[in-house]
Amino acid sequence: MKKRIFIFCLIMLMLPFVFGSFLENNSKVFAEDSTTQFNISYITTSHEILQQDYIDAYALTTNSNKAEYIASYSNNGGNYPGNVLSRAFDLNFNTFWETNKVNSNTYKNYVQIEFNTEVSVNRLVFATRRDDKLKGFPLTATFYISNDGTTFEKIGIGVSELNSGVLLYNFDKVYTFKYFKFEYTDVNANLTQHCSCSEFVFYKPEEQILSEARNLFTDYKKSVLSPQYSSPNAINNLETQINSLSYIPSSVQENIERAKAILNGEITFDTKYREFSTNFETNNKHIKQVGNIYNYARNDLDMVWQGTNRQATGIYAKPNEVLKIYVQADELDTLPQLVFTQHQGYWNQWKSGNYTLQRGENTITAPSLYNASWSVKTLAGGPIYLINPYTTLEQSQNVKVYIEGGTVFPIFYMDEDEIRYEKNLRDYTDLLNANPDTYLNLTEIVSNNVILTVQASRAYDFYITQNLSVQKVCENWDNYLKGLYTFEGVSFDKNAEHYDERANYLNVNIRIMQPYAAAYAYTEHVGIQTNNWQDTALTGQNFGWGMTHELGHMMDISER
């Protein structure tokens, strides 16, 4: 009898917890039998799948005129005043829903969507509110599906680092369901955990023939065709099948045209001068992983302008030139960025903002930074740089970047092949002399501590005509700058108390610019003229008072 009373009391004590959990989950039973982690692509609102034609063809929206549509939606946390849930389904990324109850260890926000019929889905676009992108950001989202609205199956999770872009969750397969639940399982705790969403967009799978067209190439830079499509006949047959579809995504059409161009020899690939890698054992140009030099100079050393994270590529672009930038990296790798410049630009108008790169193909139009009113007339356009402020602890050796478009110009990296540079400088100078209105009079010399952005014609005079060693010039510059750094209190002794490995790469850009006094110092660079200042830069000799004076401005340290 006592045993029965004990069991009865135990059941009564448990009922509130069971019943409370039952109500909290809106009377749904969740069968958590999957831990599949879905791949995530980071895109922008200009991405192809967010254009109206593509949405009309493949997205499942609230448009009830279609055969399949979102019939209703609900959530468990209500909404912050004014930011109602319907705003997450209006195809407008400038509006948003935000919960009225924050996430906690014991409470998880979710949004549940009901479709008018069973639908087949393999992708989901999601973005937080656009005016405060990291607030309520789901570091882990969990996905559930159901056909009856009562019993839900967990199909997988999406795990992401903080990201201000739009997330595209790529499911591991096509799922068929009538109800979908998006749970904010782990939310960014650096801000209040008000979960938000500017848009949920579900997508039906594309036709199989489109999938084949999207996978025409076997490498990240789309230079090698898969065996079954390595002939003109195979590509023509594929194009015929695709043309029978009612809608053809522009990226698919571009793949077909690219395949034709490769087979016709209209596109060639230059991995020696256009491909960059964090793996120093490859034959590509290298992406340095030496940390954030810009922040080190300004935040640790308190230098006002010294230090840049720009890494020279040896490729320049002209305004409105369209470039294809291909990126390959491990899933969790941080990625380089891109910046454009104007050769011989103005002191405060020579450098663009940073362009974010995504894995895969990036299409970027070079900006116009040139002003025809400048006193020294030059061609519009300038060097492209990679920004990579990371170390090997933050980024693997598997990052590759291929730049298609723009013009390769002669560049010398310290400790590399002088003879090859001299040949490239000769060949480029011949092109420059024959086509002065086409090619920029440009070369760059890069050491650990300096980037010289100077004239190819004057470099020819010193390195070809006078047989001056460009390697020796780099060594002179590094010795000179390290002497100035030592005077400023920077230590290169690994046993010193304040030693920092980044000191070895503390750098500055010396570049030919529009006239502004004899020379000047400002934000990452010293601007010089095509006179004895350029000769000093190119020879690494006779630095004198003037160059040291300008570099003193760059390294100026305010009173501590």
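Before reading further, recall that the structure is shown in the block above.
Quick notes on the rules
Residue numbering note: each chain is counted from 1, following its sequence as written. A pLDDT threshold of at least 70 governs which residues receive local features in this predicted model, and a stricter bar of 80 or more applies before side-chain atom pairs are shown or counted, although totals over entire chains, interfaces and linings include all residues. Side-chain descriptors were evaluated using all non-hydrogen atoms of the structure, hydrogens and water having been removed beforehand. Residue exposure (1.4 Å probe, protein chains only): buried if accessible area is under 20% of the type maximum, exposed if over 50%, otherwise partly exposed. Here a strand is any run of E in DSSP of at least two residues, a helix any run of H or I of at least four, and the numbering for each starts at the N terminus. Two N or O atoms form a polar contact when they lie within 3.5 Å of each other; inside protein one atom must be a possible hydrogen donor and the other a possible acceptor, and for residues adjacent in sequence the pair counts only when both atoms belong to side chains. DSSP bridges decide pairing: two strands pair if at least two such bridges lie between them. Within this scheme a cavity is a closed region of a 1 Å grid, computed over the protein atoms alone, that accommodates a 1.4 Å probe without allowing it to escape, whereas a pocket is open but has protein on both sides within 12 Å along at least five of seven lines; lining residues each have an atom within 4 Å of a point. Grid points are joined across faces, edges and corners, and a volume is the space filled by probe spheres set on the points. Put simply, Ala, Val, Leu, Ile, Met, Phe, Trp, Tyr, Cys and Pro go in the nonpolar bin, Asp, Glu, Lys and Arg in the charged bin, and everything else, Gly too, in the polar bin. Helix axes are fitted to C-alpha atoms over the stretch in contact, other axes to C-alpha atoms as well, and angles between N-to-C directions run from 0 to 180 degrees. Any angle between 65 and 115 degrees counts as roughly perpendicular, while under 35 counts as roughly parallel, over 145 as roughly antiparallel, and the rest as oblique. Residue contacts are defined here by distance: any two heavy atoms, one from each residue, within 4.5 Å place the two residues in contact. Disulfides are defined as cysteine sulfur pairs within 2.5 Å.

S.K.: In this structure, what is going on with helix α7 (residues 293-300)? I would like to understand it.
M.R.: One turn of the α-helix equals 3.6 residues, which is why residues spaced by three or four share an orientation. For α7, the set of buried residues is Ile293, Tyr296, Ala297 and Arg298. Among the residues of α7, the N-terminal cap falls to Asn292, whose side-chain oxygen and the backbone nitrogen of Tyr294 are separated by 3.3 Å. Directly after α7, the chain includes Asp302, whose backbone phi takes a positive value near 65 degrees.

S.K.: Honestly, the pairing of strand β21 (residues 400-404) in this entry has me stumped. Any pointers?
M.R.: Successive residues of a regular strand alternate their side chains across the two faces of the sheet. Counting buried residues in β21 gives four out of five residues, a clear majority hidden from the surface. Direction of pairing for strand β12 (residues 275-277) relative to β21: antiparallel, over a ladder of three bridges. Residue Glu275 lies in a different strand from β21, and its bridge partner there is Tyr402. The pairing of strand β15 (residues 322-328) with β21 spans five bridges and is classified as antiparallel. The residue of β21 that forms the bridge with Lys324 is Glu404.

S.K.: For this particular structure, what's the right way to read the layout of surface pockets?
M.R.: Within this model, the second largest pocket holds a volume of roughly 520 Å³. In this structure, the second largest pocket is lined by 28 residues; those nearest its centre are Phe280, His286, Lys288, Gln311 and Asn448. Put simply, the parts of the chain that give the lining of the second largest pocket at least two residues each are β13 (285-286) and β14 (310-317). Split into classes, the residues belonging to the lining of the second largest pocket amount to 10 nonpolar, 13 polar and five charged.

S.K.: Looking at this structure, how should I read the packing of helix α10 (residues 470-487) against helix α11 (residues 532-539)?
M.R.: When two helices pack together, their arrangement is given by the angle between their axes and by how far apart the axes lie. Relative orientation of the contacting elements α10 and α11 amounts to 100 degrees, with a least axis distance of 7 Å. It follows from the interaxial angle that α10 and α11 lie roughly perpendicular. Where α10 approaches α11, its residues Val473, Asn476 and Trp477 are matched on the opposing element by Thr536, Ala537, Leu538 and Thr539. Class assignment of the residues belonging to the contact of α10 with α11 gives a composition of four nonpolar, three polar and no charged.

S.K.: How should the state of the cysteines be read in this particular structure?
M.R.: Cysteine pairs can be covalently joined through their sulfur atoms, and such a bond is termed a disulfide. All chains considered together, the criterion is met by zero disulfides. Cys195 carries a free sulfur, and the closest cysteine sulfur to it, the one in Cys197, is 11 Å from it. Classification of Cys195 by relative accessible area gives buried; the value is 0%.

S.K.: When you look at the sheet that holds strand β19 (residues 360-365) in this model, what are you seeing that I'm missing?
M.R.: Within a sheet, adjacent strands bond to each other through the backbone by hydrogen bonds, running parallel or antiparallel. Pairing is mixed in the open sheet, where five strands are placed in the order β13-β12-β21-β15-β19. Pairing within the sheet leaves two strands with one partner each, and these edge strands are β13 and β19.

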